[in-house]
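# What the coordinates show
So the chains spell out like this:
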Amino acid sequence: AVRFDNPLLPETRSEMALPLVSRGRVIGAMTIQSDKPAAFTEEDITALQTMADQLATAIENARLFAEVEDDAWRRALISEVLQAASTSLDPEDLLHRAGETISHRLGTPSAVFLWEPGEEALRPVAVHASDASDIPLDEGVQVTREMNPTLFAAVEQRCSQVLERVAGSVSGPFAVLADRLRLRYDIYVPLVSRDRVLGVLALCRTEGQPPPGPDDVGFAEIIGANLSVVLENARLFQDAVQTAERLAEVDRLKSQFLANMSHELRTPLNSIIGFSRVILKGIDGPLTDLQRQDLEAIYNSGQHLLGLINDILDISKIEAGKVELSFELVDLEEVIRGVMATAIALVKDKPVEMQQSIPDDLPAVIGDNRRIRQVLLNLVSNAAKFTDEGFIRVEAWADEEFITISVADSGIGIPPDKLPRIFEAFTQVDASPSRKYGGTGLGLAISKSFVELHGGRIWAESEVGRGSTFCFTLPVQGPPALQEGTVVEEPPVPAEMPDAEGGKLVLCVDDDQGVITLFRRYLHKQGYRVIGLTDAARVLEEAKRLKPHAITLDVMMPEKDGWQVIQELKADPETCHIPVVMCTIVSEEGRGMSLGAADYLVKPILEQDLLAALDRLDREAGRHLVLVVDDQEEDRKLLRRMIESQDGYEVVEADSGQEAIRLIRRVRPQLIVLDLMMPEVDGFAVLEAVKADETTRSIPIIVVTAKELTAEEHRLLNHRIAALIQKGVLEQEELLEDVVAALQKWERRRVA
Ligand code: ADP
């Protein structure tokens, strides 16, 4: 106890002062007075001492409690900011959400600036008032070093700064805004990630609020650190997305390039194959044995190259997701038989036995005939390539759901470490420049894609030195998507009753039943039987079944247009000889367009196709003048050679539409071979001119298009046809006459 005079309590005679000590630290003091001298006994002192200790503990507890509560509040704030920020992956949006939450929780204005490295400036992206309302910013507002040196110090020193706003301490448009918000103090926290300043977080205090202490700055720094992390994440994500988009674009360009390139390569290749064939056939005169050998090498290499280019085209289409299968009922036994026949030629110089085992009751599957054949041919060709002696065996079997086809060989086999990768594009067991076996490593990748597009699976087993077995499955009912959609499953159209017994059968394909009726009525009078078909997807199948004398084909059909259908018909050996009249008629308006009433060829034009088309035509006695219209000089020359090799034909060439129209008027050819795709005046203009003139209308036209029409070209062709129909090139009656004239030309030829 200590004695002293207390002027507030003059009567004080004795006084006791006690320190309040908590955890070894004095946190305060307590005094007790009495008006009696020496009032405090030893007991009093002990009791008061205890009381002081308890008081100190209570105060400490209360302080700790407040601290904990404050801490919890701060934690909650940070977690709320993080939560708000994480609802967006767009950096600016995220900063907006975070800023709003900060202002809302703290009840003070806040701002976030992003550092613009190129411009040495900070751009405010999210400014919020004390009530957390968003303050819209003028486009292009920036803060430069001159406007607010303290803000810049935060960036340059990477260390928090506090600004007390006094007159003239800041300038610029943002200072005006700050005045409006009555800002008094700013805490600037740099947002730093991986040693890079991303921006600055500003927590502000308005007039009347106390200046921020070290504790406030510390807390602002914690918020800043958290914000930096989410901001950086969002930026990384954005980068990743952009990179992925760029890669996808690059990939698309690559596929496009491959497709274009392959396409471009095919044109000159066509000349190489075509001309060597022309010479080989002796059209240009007799050959010595040596010349024949050399030419055969050229011809075979050309064919080989064409195969490779087609593979590359396939894989680029697969990668671009542009492969469309055309589903139909496929007789696998027939496919296997066809492939085996081809394969025999591949092993004719080797002691390899071709074996096959297929149950009689193997069901047909719903699939793409051409693609399934391609897969099997690839497996069998591989087997033939890698087998020097022994056997190649093709087997097929079915269970409820799948048909499995296996191709086993007794060849060199595949090492186990290579086996898992052989289905990847461009993968070969021996890819060294000195390798013994040729190839691109694309065959299996293409096969795998085609099998999977069918809903099947492909795999291989092998033992080095013993042989390999490749298997693939095909779902009997086609891929699952098809099974649900049921395009194919509907029963075949009941072939309509033939309407003129004994007449030649014409298959009329048009999505409009009215047009079919029109054709039927008209053709019936001319002694033809007509069977109508409105489903373009089934033309090939029905043509095989019905074996019609001719087909009339609507160019403009939904789902599958006439170009696709005719390409299928021409690609199939069973249907390629059937003459097709491409025409489109709008039944209500009574207008139509006939695309030449003779035939249709696809590039590269093979000699036998061309000759067959000529052969199908009516050939009157005497010489025939054939006009070849094509902008490609090589193609014209080739066609000339092929055509003039036939007796009685003479070729006139036109390298453009204009030239063709001029020549048609002048020389009146008996036949026109017309490329539809030419720059400027295209084949359609020629068609229009031919059809519009009564005297030339019945000149047969063999239409030529590129084999792989791009989507763009498809659109263009159909667009041109639509335009011609619009013009009303042919009235309904004229179109029908045109078609009949064409049918009769074939008729006469056949009779002759
Ligand atoms: P390519 O035959 O053009 O090289 P593929 O994709 O068809 O391309 O085949 C890839 C590779 O798989 C071949 O290069 C070969 O190494 C291996 N391979 C495929 N089939 C067989 C087989 N029947 N026997 C041994 N190796 C094979």
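Residues numbered from 1 in each chain as written. Predicted model: local features only at pLDDT ≥ 70, side-chain atom pairs only at ≥ 80, totals over all residues. Heavy atoms only, no water.

### Brief notes about the overall build of the protein
Check the secondary structure of the protein and you find 19 helices and 25 strands. Taking 2.2 N^0.38 as the reference for a compact globule, 752 residues should give roughly 27 Å; the C-alpha atoms of the protein span a radius of gyration of 44 Å, well beyond that estimate. Each of the three principal axes of the protein carries a C-alpha extent, and together these read 155 × 65 × 55 Å. A buried classification covers 47% of the 752 residues belonging to the protein. (Helix = DSSP H or I, 4+ residues; strand = E, 2+ residues; numbered from the N terminus. Rg over C-alpha atoms; globule rule 2.2 N^0.38 Å. Buried < 20%, exposed > 50% of the residue type's maximum accessible area, 1.4 Å probe, protein only.)

### Regarding the site of the ligand
Taken together, 20 residues sit near the ligand, with Asn382, Lys385, Asp409, Gln428 and Leu444 positioned nearest. At 2.8 Å, a side-chain N or O of Asn382 approaches an oxygen atom of the ligand. The separation between an oxygen atom of the ligand and a polar main-chain atom of Leu444 is 2.7 Å. When contributions to the shell around the ligand are tallied by element, the ones reaching two or more residues are helix H8 (369-385), helix H9 (443-453) and strand S14 (467-475). With four residues, H8 is the largest single contributor of residues to the shell around the ligand. (Near = heavy atom within 4 Å. Polar contact = N/O pair within 3.5 Å; in protein donor to acceptor, adjacent residues only side chain to side chain.)

### Section: the packing of aromatic side chains
Using the criterion set out here, one finds four aromatic pairs in the structure. On the numbers, 6.3 Å between centres and 40° between planes, the contact of Trp73 with Phe219 is tilted. Highlighted residues: Trp73 in helix H1 (residues 42-85) and Phe219 in helix H5 (residues 214-280), separated in sequence by 146 residues. Judged by relative accessible area, Phe219 falls into the buried class, the value being 6%. Lying over the aromatic face of Phe219, Arg74 brings its terminal NZ or CZ to 4.6 Å of the ring centre. (Phe/Tyr/Trp six-rings, centres within 6.5 Å; stacked < 30°, edge-to-face > 60°. Lys NZ or Arg CZ within 6 Å of the ring centre and 35° of its normal.)

### A word on the layout of surface pockets
When its volume is computed, the second largest pocket comes out at roughly 210 Å³. Taken together, the elements giving at least two residues each to the lining of the second largest pocket come down to helix H2 (91-106) and strand S4 (121-128). With five residues, the single largest contributor to the lining of the second largest pocket is S4. (1 Å grid on protein atoms, 1.4 Å probe; cavity = no way out; pocket = protein on both sides within 12 Å on 5 of 7 lines; lining within 4 Å. Points joined across faces, edges and corners; volume = space filled by probe spheres on them.)

### What to know about the sheet that holds strand S13 (residues 458-463)
Read across the open sheet, the five strands follow the order S9-S11-S12-S14-S13; overall the sheet is mixed. Each edge of the open sheet carries a strand with a single partner, namely strand S9 (352-357) and S13. Neighbour to neighbour, the strand axes of the sheet diverge by 10° on average, direction disregarded. In this sheet, S14 lies alongside S13 in antiparallel orientation, the contact comprising six bridges. In the strand pairing of S14, Glu461 is matched with Thr469. Here helix H7 (residues 332-346) sits on the sheet and contacts S9, strand S11 (390-398), strand S12 (402-409) and S14; the angle it forms with S9, its principal contact strand, is near 175°. Against the sheet, H8 engages S9, S11, S12, S13 and S14, with an angle of about 20° to S12. (Pairing = 2+ DSSP bridges. Axes fitted to C-alpha atoms, helices over the stretch in contact; angles between N-to-C directions. Contact = heavy atoms within 4.5 Å.)

### Here we look at unusual backbone geometry
In this structure, Glu120 is a non-glycine residue whose phi angle is positive, near 50°. Positive phi values are uncommon outside glycine, yet Asp195 reaches one of about 70°. Within the secondary structure layout, Asp195 lies in the loop between strand S6 (183-193) and strand S7 (196-206). Accessibility expressed as a relative area gives 63% for Asp195, which makes it exposed.

### Structural notes on the environment of Thr534
Structurally, Thr534 can be placed in the loop between strand S16 (528-533) and helix H12 (539-546). Setting aside residues up to four positions removed in sequence, Thr534 forms contacts with Asp510, Asp511, Gln513 and Ile516.

### Focus: the packing of H1 against H5
When two helices pack together, their arrangement is given by the angle between the helix axes and the distance between those axes. Running from amino to carboxyl end, H1 crosses H5 at an angle of 25°, the nearest separation of the two axes being 10 Å. It follows from the interaxial angle that H1 and H5 lie roughly parallel. Both H1 and H5 take part in a crossing whose hand is right-handed. Mapping the contact onto sequence places Trp73, Arg74, Leu77, Ile78, Val81, Leu82 and Ala85 in H1 and Asp215, Asp216, Phe219, Ile222, Ile223, Asn226, Leu227 and Val230 in H5. Of the residues assigned to the contact of H1 with H5, the class counts are eleven nonpolar, one polar and three charged. (Parallel < 35°, antiparallel > 145°, perpendicular 65-115°, else oblique. Left-handed = near helix turned anticlockwise from the far one by under 90°. Nonpolar A, V, L, I, M, F, W, Y, C, P; charged D, E, K, R; others polar.)

### Quick look at helix H15 (residues 633-644)
Since the α-helix turns once every 3.6 residues, residues separated by three or four places project in the same direction. Given a rise of 1.5 Å per residue, twelve residues ought to cover 16 Å, and the 16 Å separating the end C-alpha atoms of H15 matches this to within 8%. Listed as buried for H15 are Asp635, Arg636, Leu638, Leu639, Met642 and Ile643. Seen end-on, H15 carries its buried residues on one side only, within an arc spanning 165°. (Expected span 1.5 Å × (residues − 1). Arc of directions from axis to C-beta.)

### Some details on the nonpolar core
Leu332, Leu376, Ile405 and Phe472 are the most contacted members of the largest nonpolar core, which has 48 residues in total. Here this core gets seven residues from one element, more than from any other, and that element is H8. With residues up to four places along the chain from it excluded, the contact list for Leu332 reads Leu362, Val365, Ile372, Ile403, Ile405 and Leu474. Formed by 45 residues, the second largest nonpolar core is a distinct cluster that contains Ala543, Leu625, Ile701 and Leu717. (Core = buried A, V, L, I, M, F, W, Y, C linked by side-chain atoms within 4.5 Å.)

### Things to note about the pattern of salt bridges
Note that side chains of opposite charge can pair when their charged atoms are close. All told, the structure shown has 34 salt bridges when counted by the stated rule. Between Arg105 and Glu80 there is a salt bridge, and its shortest N-O distance comes to 2.9 Å. One end of the pair, Arg105, is in helix H2; the other, Glu80, is in helix H1, and 25 residues separate them in sequence. Judged by relative accessible area, Arg105 falls into the partly exposed class, the value being 27%. Look at Glu80 and you get partly exposed, because its relative accessible area is 26%. In this structure, a network of salt bridges that share partners links the residues Asp535, Arg538, Glu541, Glu542 and Arg545. (Salt bridge = Lys/Arg side-chain N within 4 Å of Asp/Glu carboxyl O.)

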